[in-house]
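Secondary and tertiary structure notes
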Amino acid sequence: MKALLIAESREGKVLGSCSELVAFAQKAGSDSVMFMVGTDSNLPAYDGTIYLADAAKYGEYNPAVHKQLILDVVTKEKPDMIVFSHSSYGWDLAPRVAFALEAAQFSEVADIVDGDPVVPACNSKLRRRLKAKSTVKVLTLQAGAFSLAEPITASPNVEKIDTDTAGKVTFLGYEEAPKGGVDLGKAAIIVSAGRGVGGKDNIPMVAALAKALGGEYGASRPVVDAEWVEHARQVGTTGQTVSPKLYVACGISGAIQHLAGMKKSEFIVAINTDKDAPIGEVADVLVVADVKQFLPALTERLQAG
Ligand SMILES: Cc1cc2nc3c(=O)[nH]c(=O)nc-3n(C[C@H](O)[C@H](O)[C@H](O)COP(=O)(O)OP(=O)(O)OC[C@H]3O[C@@H](n4cnc5c(N)ncnc54)[C@H](O)[C@@H]3O)c2cc1C
C-alpha cells in the first residue's frame, strides 16, 4: 500500500499537521511519498521523497493548480490513498481530487482499521467504519487523531514539480481575522468549563477559580453552543489550540476534538464525577469529584492564601 501525503505550509512555514499525516501512514502500515506547495528553505522532517511545488510561483492557495500538481504526482506514484489534513485546505482540495480520480472520499478520518477508514458520527458519540469501492481512496484526517510515537529527524529527498495549468484564482496573501475577546493562546493557566458544570449560572464558579489561579477561563464546545460562554473561549479543533503550563478541565469528558486543542498543556488536572472519563488518559491528576462542590472549596482555599 502507498499513501500520497498532502502537507501544508503557511507563510513559508510547514504546519505541524504534517507529522499527523506521517503518523497515519505508519498506523495504516503504508509506504508514503509527500506533496507540498512550499519553499526549499522550509521543509518538513521526513524520511522519503517530497514532491515540492514552488509556493512563490503557484501561491499557497490555488485549488485548480494544486489539484493538477497532485494529479501529476498520482500519475507518477500510483498511490492507493491520497491523504489530506481535515483543514480548510483539505476540505477544499480533497473533493476536487476525489472527483477527478473517481475515487471514494472519507472526511475527518479518526482511525484506520485493517485499511478501512473510521469516521465520527452523531457528534462523535458513534463511529462509522467504511469500506471504499474504488481502488484509490481520498481521505482527510481529523486534527489530533494520529500522532507520532517518536519525532522524525530525517531530511527528505526533494523532487521539484511544475505545471502549465492556469488557475482561476490568484492568491494575494493572508489577512489576520479581527480578534474578538480573550486570546487563550497566551494564557499560562486555563480553567475550562465542560457540560458537567451543569449550567450558565455555574460559569462564575469556573471564572472565579481561574482568577484565583491568575489565569483565564475557557470552555468545551457544548458550553459555547449552549451560549453559557462566548466562542472566543472555546478550546478544541473548532476553537483555540492552547498549551498553558496548567490546564484545569472541569466537567469535561475528553472527546478527541477537545483533546486536540489542549493535550499539549504542560500539566493537566481534570475534575470529573466519572473516574473512567477519557480525559483521565491525558490528565496528570484526575480528581473524582462534583465540580459544584470541589471548585468553590478550592477557590476559597486559594483566596485564603
Ligand atoms: C466537527 C466537530 C468539531 C468539534 N469541535 C469541538 C471543539 O472545538 N471543542 C470541544 O470541546 N468539542 C468539540 N466538539 C464536540 C466534542 O465531540 C464533544 O461533544 C465535546 O467536547 C464534549 O464536551 P464536554 O466534555 O463538555 O461534554 P460531555 O461529553 O457531555 O462531558 C461532560 C463530562 O462532565 C462530567 N460531569 C457531569 N457532571 C459532573 C459534575 N457535577 N462534576 C464533575 N464532572 C461532571 C461527565 O462525567 C462527563 O465526563 C466537536 C465535535 C465535532 C463533531
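Predicted model only: the values in this text are computed from it and were never measured.

This next bit is on the packing of aromatic side chains. Following the criterion strictly, the structure yields two aromatic pairs and no others. Considering the side-chain rings of Phe 171 and Tyr 174, the 5.1 Å spacing of their centres and the 70° angle between planes classify their relative orientation as edge-to-face. Classification of Phe 171 by relative accessible area gives partly exposed; the value is 26%. Tyr 174 gets classed as partly exposed once you look at its relative accessible area, which sits at 40%. The ring of Tyr 217 carries the charged tip of Arg 233 above its face, separated from the ring centre by 3.9 Å.

Let's shift gears to the site of the ligand. Taken together, the neighbourhood of the ligand is formed by 30 residues, with Ser 220, Thr 238, Ser 253, Gln 257 and Asn 272 sitting nearest. For the ligand, an oxygen atom lies 3.0 Å from a polar atom in the backbone of Gly 251. Grouping the amino acids of the shell around the ligand by side-chain chemistry returns seven nonpolar, 16 polar and seven charged. When residues of the shell around the ligand are assigned to domains, at least three map to each of domain 1 (2-160) and domain 2 (184-304).

Another aspect to go through is the domain arrangement of the protein. The domains assigned to the protein are domain 1 (2-160) and domain 2 (184-304). With centres defined by C-alpha atoms, the gap from domain 1 to domain 2 works out at 32 Å. Counting the surface lost from both domain 1 and domain 2, the interface buries some 510 Å², and carbon and sulfur atoms represent 45% of this. Taken together, the connections running from domain 1 to domain 2 amount to zero residue pairs in polar contact (both at pLDDT 80 or more). Looking at the side of domain 1 that touches domain 2 residue by residue, the class counts come to two nonpolar, three polar and two charged.

Sheets are built from strands paired through backbone hydrogen bonds, the pairs being either parallel or antiparallel. Pairing is parallel in the open sheet, where seven strands are placed in the order β7-β11-β6-β1-β4-β5-β12. This sheet does not close on itself; its edge strands, each paired only once, are β7 (104-109) and β12 (157-160). Across the sheet, the mean angle from the axis of one strand to that of its neighbour is 25°, orientation sign disregarded. Taken strand by strand, helix α1 (residues 17-28) contacts β1 (2-6), β4 (31-38), β6 (81-85) and β11 (137-141), and its axis lies near 145° from that of β6. Helix α4 (residues 88-101) contacts β1, β4, β6, β7 and β11 of the sheet and is inclined by roughly 160° relative to β6.

With that settled, the discussion passes to the pairing of β6. Burial analysis of β6 places five of its five residues in the buried class, the great majority of the element. Of the two faces of β6, the one carrying Met 81, Val 83 and Ser 85 and the one carrying Ile 82 and Phe 84 are both buried. Both β1 and β6 contribute to a ladder of three bridges, which runs parallel. When the sheet's bridge partners are listed, Leu 5 is paired in β6 with Val 83.

When the terminal C-alpha atoms of helix α8 (residues 291-304) are compared, their 19 Å separation across 14 residues agrees well with the 20 Å that a helix rising 1.5 Å per residue should span. Val 291, Leu 295 and Thr 299 are the residues of α8 that are buried. Summarising the axial view, the buried residues of α8 lie within an arc of 50°, below the 170-degree limit, and thus occupy one face. Exposed and oriented more than 90 degrees from the buried face of α8 are Gln 293, Glu 300, Arg 301 and Ala 304. Packed against the buried residues of α8 are α5 (203-213), β15 (246-250) and β16 (267-272). Downstream of α8 by a residue or two, Gly 305 has a phi angle that is positive, lying close to 80°.

This part covers the environment of Asp 183. Positionally, Asp 183 belongs in the loop between β12 and β13 (189-193). When its relative accessible area of 27% is taken as the criterion, Asp 183 is described as partly exposed. It is 33 Å that separates the C-alpha atoms of Asp 183 and Phe 35, two residues lying 148 residues apart in sequence. Within the local environment of Asp 183, its side chain forms a polar contact with the side chain of Lys 186, the two groups lying 3.1 Å apart.

All right, on to the pattern of salt bridges then. Enumeration according to the criterion identifies 15 salt bridges in this entry. Where Lys 131 meets Asp 116, a salt bridge forms, and the shortest distance between an N and an O atom there is 3.0 Å. On the criterion of sequence distance, the pair formed by Lys 131 in the loop between β10 (126-129) and β11 and Asp 116 in strand β9 (residues 116-121) is long-range, its members being 15 residues apart. Taking the relative accessible area as the measure of exposure, Asp 116 reaches 9% and is therefore buried. In this structure, Arg 233 engages Glu 216 in a salt bridge whose closest nitrogen and oxygen atoms are separated by 2.9 Å. With Arg 233 in the loop between α6 (221-225) and β15 and Glu 216 in strand β14 (residues 216-219), this pair connects stretches of sequence that are 17 residues apart.

How each quantity is defined
- Residues numbered from 1 in each chain as written.
- Predicted model: local features only at pLDDT ≥ 70, side-chain atom pairs only at ≥ 80, totals over all residues.
- Heavy atoms only, no water.
- Phe/Tyr/Trp six-rings, centres within 6.5 Å; stacked < 30°, edge-to-face > 60°.
- Buried < 20%, exposed > 50% of the residue type's maximum accessible area, 1.4 Å probe, protein only.
- Lys NZ or Arg CZ within 6 Å of the ring centre and 35° of its normal.
- Near = heavy atom within 4 Å.
- Polar contact = N/O pair within 3.5 Å; in protein donor to acceptor, adjacent residues only side chain to side chain.
- Nonpolar A, V, L, I, M, F, W, Y, C, P; charged D, E, K, R; others polar.
- Domains from an automatic or database assignment.
- Buried area = accessible area lost by both parts, 1.4 Å probe.
- Pairing = 2+ DSSP bridges.
- Helix = DSSP H or I, 4+ residues; strand = E, 2+ residues; numbered from the N terminus.
- Axes fitted to C-alpha atoms, helices over the stretch in contact; angles between N-to-C directions.
- Contact = heavy atoms within 4.5 Å.
- Expected span 1.5 Å × (residues − 1).
- Arc of directions from axis to C-beta.
- Salt bridge = Lys/Arg side-chain N within 4 Å of Asp/Glu carboxyl O.

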